[in-house]
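Residue-level structural notes
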Amino acid sequence: MNHSAVDQAQKAIGCAMSRRKFLGCLAASGLLAAFPGALLRPLEARAQGGFQEGLEMFRNACPRNCYDTCSIKTFVKDGVIQYIEGAPESTFTDGGLCVKGYAYTRRPYSPDRVKYPMIQSGRGSGNWKRISWDEALDVIAKKFIEINEKDGSMLGLALSKYSGNFGITNYGVEGMMTSLGYTSRFVGTPCWPAGIDAQNYDLGDMWCNDPEDLVNARYIILWGANPAWNSVHSMKYILEAQDRGAKVVCIDPVFTQTAAKADVYWEVETSMDGALALGMARHILDRELHDREWVRNNSLGFEDFADYLRREVTVDWAAEQSGIPAEQITRVAEEFATAKPASIWIGYGMQRHVNGGASVRSVDALVAMTGNVGKAGGGARYGHLRTWGFNYHALLQKRPEGAVGFLGTGGPMGDFDFTGDVQDEYTDRPLNMNKTAEEILTADDPPVRVLWVSCKNPLSQDFDRNKMVRAFQKPELIVSVEQYFTETVALSDIVLPVTTLFEEWTVNVSYWHYWMSINEQAIKPMYETKSNIEIAAALSKRMNELQPGSCTFPTDIDTKDWLAREFNQGIYDLFGISSWEELKNGPVKAKMHPASWHDLQFGTPSGKYEFRSELCAEHGHQALPKFKEGRKPYDKLRLLTPHTKFGIHSQFVNIDWMEEFNPEPFCYLNPKAASERGIKDGDQVRVFNKIGEVRLEVKLTEVVPPDVVMMYTAWFRNNPYNCQNLVDDEASDMGAYKTGMPGVAIHGQFCDVARA
C-alpha cells in the first residue's frame, strides 16, 4: 500500500464526523480496498483538533446482530454527538469501526426517524397522525384488557422480536410480556440454529475459540464465512496468521472479498459442503493422517464414522458432488491434517439449508479427527454464549396473579433463552419465528389478536413476504416499536418511537469475541423517544390505572439502576472487575482460555467429542455425521440472498449517508446465464419463482456461478425492493433442540430471470 493512501484513510477515519467526512471515510475505504488486505488491517483512529475543547466522552457499544459488537467512544459537545471512534482499549475493535459503524452518528439525528407516537387510520394507508404517549398507551392497554377478558388469557397477544438490539436490558421487552401474563412468543431463530444443534450434538455446546487466537493457526479454512464484509475486525487476525506463514483457504459458492484475500478459493456447489468435508475426511483416513491418540482418548464413535467413510464415501464422489477436483481435495486435506494447529471458521450461510446441520457436523468431524479441537489456533469456530451470564433482571418478571396460559409440552425457547428452568403450570404459547406468516394466519384458540413488534422488521426479513402481507391483515391491533418507518411499521396501527444506542443505558457482549462493553446514555433521548424498558414501565402504569393488578412490570424505573441490576459476581469474576462502573474506563475481556474445550471435558452425554451421537438420533437425525441431500431444485437457477457490506439485515442501508454509495439494489448474474436469456449488463430484469417476483437492475459478473442469481438482503427507504418476495419458509434440518424451532433454508431457494 502506498503511504498517501494510508494517510488519506487515517485522516478520514480519525476526523470529526459529519456527512462530508463520513463520505471521505468511505472514499478512502474504496481507495484502500483496491490494495489486497489493506483496509482490513487496523488503522490508528484518533480525534483531530477543532472539537477537543469542551468534549465529553461516553462509552457505547454496537448492539446489532454482528460478530464484532464493537466498543465505541462517543464524543459529545453541548449535548450533541460530534463524532465516534472505535475504542482502542478493546484489542478486537482496536480503534476502528466499519463503514456502518461510522454512520451511527446519523441515526439519532436522521430526519426520517420516528419522533413521536403515531397512529395510522387504515392499516397500510399511510394516513398517520401524531398522538401523545398517553393516548397511544390508552389504546393499547384497553385492547390488552379486552382480549384478556374475551379469551380468559393473554395468549392472543404475540411478540415478534429478535436481533435489532442485543443490549441486555432490551430483554425487558420479553419481561413486559411476562408481566402481562402468558402470551404467545415467536421463538427460534433464522440466523444460526442448525449449526447450534450440530455443535451441541458433537461437542455438547456451541463454544468457539477467541477470534484473536486465529493468529496462532497455521492453516485456516473459511467455510462459508465472509469476514471481510461481516466481521472486518477479525480479518486482521487472519492476515496476521498469513504473514506468519499460515495458509488460508476460502470455500464459498460466491467469490467474495474474503476469497480474494485467501491463498486458495474453492467455488463449492451450494449445499454440497457436507460431501466435500466427508471426502476430505475419507482421504485423511486413507492416508492415516488422523490424530489417533486424540480420537482414542477424547472421542466416542470414531470407528463407526471411519467405517461409514470407507463404506460410502470416496474422494471422487465428493468431487462430483461438490464441484471441487479430486486432486485439490486430497492436497488441501493433507495440508489441513498435517499443519497443526489448523482451524475452520464455519459461516452461518452454509447451514441455512435443509441439510445445514448435517453439513456442520461433517465439518466438525474434520476438525476433531485431526486433533484440532481444544487447541489454541485450532477449533471448529461457530459462536458462543459463554459471556452472557447476566441476571436478566429486565427479562425475568412475575406473572399477574391468576394468569392463565398455554398447556403444552414445553415453553418457548430461543438461541438467547435465559429464562432458566422454572416450571409453571402454564407456559407461553410458542409460535415458529421462521414461519411467522403461517403462524399468524393459522393460530387459533385464541387467534393472534394483537401483534407487538420490537427489535425486528419482519416484513423485510421474514420469509414469503406476500404471505406476510396477508398475515398482517389479520390481527386486530399491530404495534411496532421502531426508529424508522419500515415496511413493518407501514402495516402497523401504532408506532412507538424507541431510543438509539446513544440515548439509553445498557451493556453488550458478543457471540464471537470475548469482550464486554458498557453502553452509556451519551445524549438525552431525542424528541419523545423512550427505551424499551421505559415503554414497558409506562404501559404497566396505564394498565394498572385501568385495571389494578393487570401488569407486574415496575412503573417507576431508573434505566441506569436497571443496568446495574444485570450484573452479578459471576460476571465480575469472569471479566476481572469488581464493579460495572469500571467499564466506564473501557471495555474488558473475559478471563477465559483462548481455546474452547481446552480441558477436553465436553458437554455431551459421554463427556467426549461424539462422532456418533445417540442424542442426535433420538431427535430424528442420523447418529453419525453422514451426508444428507440438499433441497431439490424447483426452478432453473439457485437464489442466494446474503448480507451486503452496507447493512445488517434491514438496518443501515436506509440511512441517507449510506445511500451515497449504495443507492439502489442490484441482482448479480453470471454472463453465461445472462447470454442464455438475452440479458445485458444494466438491464432491468424480473427475478421470479413460485411465490413472487422482484424487479431490479442486473449486474453481470463471474463472481457468481452460472447457475446462481444473487441479491442482498436489505431495506431501502425509497425503493420497494424486497428479496423476501422470493424466499419461502422451508425448514432446515436442525435447530429445534436448542432454539425451540428448526431454522430455515434461506439459501435453498430457486428462481429464474428474464428481461423486464
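Residues numbered from 1 in each chain as written. Predicted model: local features only at pLDDT ≥ 70, side-chain atom pairs only at ≥ 80, totals over all residues. Heavy atoms only, no water.

Okay, the nonpolar core next. Core analysis: the biggest nonpolar cluster contains 143 residues, and Trp 223, Met 280, Phe 305, Met 516 and Phe 567 have the highest contact counts within it. Sorting elements by how many residues they give to this core places helix α10 (residues 273-286) first, with eight residues. If near-sequence neighbours (up to four positions away) are discounted, Met 280 is found in contact with Ile 221, Trp 223, Trp 266, Ile 329, Val 332, Ala 333 and Leu 366. Membership of the second largest hydrophobic core comes to 35 residues, among which are Val 450, Val 479, Val 498 and Ile 557. (Core = buried A, V, L, I, M, F, W, Y, C linked by side-chain atoms within 4.5 Å. Buried < 20%, exposed > 50% of the residue type's maximum accessible area, 1.4 Å probe, protein only. Helix = DSSP H or I, 4+ residues; strand = E, 2+ residues; numbered from the N terminus. Contact = heavy atoms within 4.5 Å.)

Here helix α13 (residues 315-322) has its buried residues at Val 315, Ala 318, Ala 319 and Ser 322. Seen along its axis, α13 keeps its buried residues to an arc of 100°; they face one direction. The exposed set on the far side of α13, more than 90 degrees from its buried face, consists of Asp 316 and Glu 320. Positive backbone phi, approximately 80°, marks Gly 323, located one or two places after α13. (Arc of directions from axis to C-beta.)

Attention now moves to the packing of aromatic side chains. Aromatic ring pairs are reported here in terms of the distance separating the ring centres and the angle at which the planes meet. Summed over the entire model, instances satisfying the criterion amount to 43 aromatic pairs. Both rings, one in Trp 207 and one in Trp 597, keep their centres 5.1 Å apart while their planes meet at 65°; by these two values the pair is edge-to-face. On the criterion of sequence distance, the pair formed by Trp 207 in the loop between α6 (193-203) and β8 (219-223) and Trp 597 in the loop between β20 (588-589) and β21 (609-610) is long-range, its members being 390 residues apart. Trp 597 shares its class with Trp 207; the two are buried. Counting every residue linked through ring pairs, the aromatic cluster contains Trp 207, Trp 294, Phe 302, Phe 305, Trp 597, Phe 602, Tyr 609 and Phe 611. Looking at Lys 236, its charged tip hangs above the ring of Phe 92, at a distance of 5.3 Å from the centre. (Phe/Tyr/Trp six-rings, centres within 6.5 Å; stacked < 30°, edge-to-face > 60°. Lys NZ or Arg CZ within 6 Å of the ring centre and 35° of its normal.)

Turning to helix α20 (residues 532-546), a few remarks are in order. When the terminal C-alpha atoms of α20 are compared, their 21 Å separation across 15 residues agrees well with the 21 Å that a helix rising 1.5 Å per residue should span. Of all the residues in α20, the buried ones are Asn 532, Ile 533, Ile 535, Ala 536, Ala 537, Leu 539, Ser 540 and Met 543. The secondary structure elements touched by the buried residues of α20 are α4 (133-151), α5 (172-180), β15 (450-454), β16 (477-482), β17 (494-497) and α21 (559-564). (Expected span 1.5 Å × (residues − 1).)

Interhelical geometry of α5 versus α20 gives an angle of 15° and a closest axis separation of 8 Å. By the angle between their directions, the pair α5 and α20 is classed as roughly parallel. Considering how the two elements wind past one another, α5 and α20 form a crossing that is right-handed. Residues Gly 172, Val 173, Met 176 and Leu 180 of α5 pack against Asn 532, Ile 533, Ala 536, Leu 539 and Met 543 of α20. (Axes fitted to C-alpha atoms, helices over the stretch in contact; angles between N-to-C directions. Parallel < 35°, antiparallel > 145°, perpendicular 65-115°, else oblique. Left-handed = near helix turned anticlockwise from the far one by under 90°.)

In this section: the confidence of the model for the protein. Across the protein, pLDDT averages 92, with 91% of residues at or above 70. Note on residues 1-16: pLDDT under 50 across the span, and 36 contacts to partners over four residues away in sequence or across chains. Note on residues 28-50: pLDDT is under 50 here. Beyond four places in sequence and across chains, it has 52 contacts. (pLDDT = per-residue confidence, 0-100.)

To continue, consider unusual backbone geometry. Cis rather than trans, the peptide bond between Lys 340 and Pro 341 has omega equal to -5°. That bond from Asp 445 to Pro 446 is cis: its omega, 0°, falls within 30 degrees of zero. Relative to the elements of secondary structure, Pro 446 occurs in the loop between α16 (436-442) and β15. With a phi angle near 75°, Ser 271 is a residue other than glycine that sits in the positive phi range. Relative to the helices and strands, Ser 271 is located in the loop between β10 (264-266) and α10. Relative accessible area serves as the criterion here: at 4%, Ser 271 is assigned to the buried category. Although it is not a glycine, Asp 445 adopts a positive phi angle of roughly 55°. Tracing the backbone shows Asp 445 in the loop between α16 and β15. By relative accessible area, which is 71% here, Asp 445 ends up exposed.

The subject of this paragraph is the environment of Tyr 514. Among the structural elements, Tyr 514 can be located in the loop between β18 (506-509) and β19 (515-519). In terms of polar contacts, Tyr 514 uses its side chain to reach the backbone carbonyl oxygen of Cys 208, at 2.7 Å. Of note is the side chain of Tyr 514, whose polar atom sits 3.2 Å from the backbone nitrogen of Asp 210. (Polar contact = N/O pair within 3.5 Å; in protein donor to acceptor, adjacent residues only side chain to side chain.)

So, on to the pairing of strand β26 (residues 708-711). The alternating pattern of β26 places Val 708 and Met 710 and Val 709 and Met 711 on opposite faces, both of which are buried. Summarising the sheet, strand β22 (residues 637-640) and β26 pair through three bridges and their orientation is parallel. What sits directly across from Leu 640, in β26, is Met 710. Where strand β23 (residues 666-669) lies against β26, three bridges are found, and the strand directions are antiparallel. Note that in β26 the partner of Leu 669 across the bridge is Val 709. (Pairing = 2+ DSSP bridges.)

Before going further, it helps to examine the sheet that holds strand β3 (residues 80-86). The strand order β1-β2-β3 describes an open sheet built from three strands, whose pairing is antiparallel. Among the strands making up the open sheet, the edge pair consists of β1 (56-61) and β3. Neighbour-to-neighbour, the strand axes of this sheet turn through a mean angle of 30°, independent of strand direction. The pairing of strand β2 (residues 71-77) with β3 spans six bridges and is classified as antiparallel. If you follow Lys 77 over to β3, its bridge partner there is Val 80.

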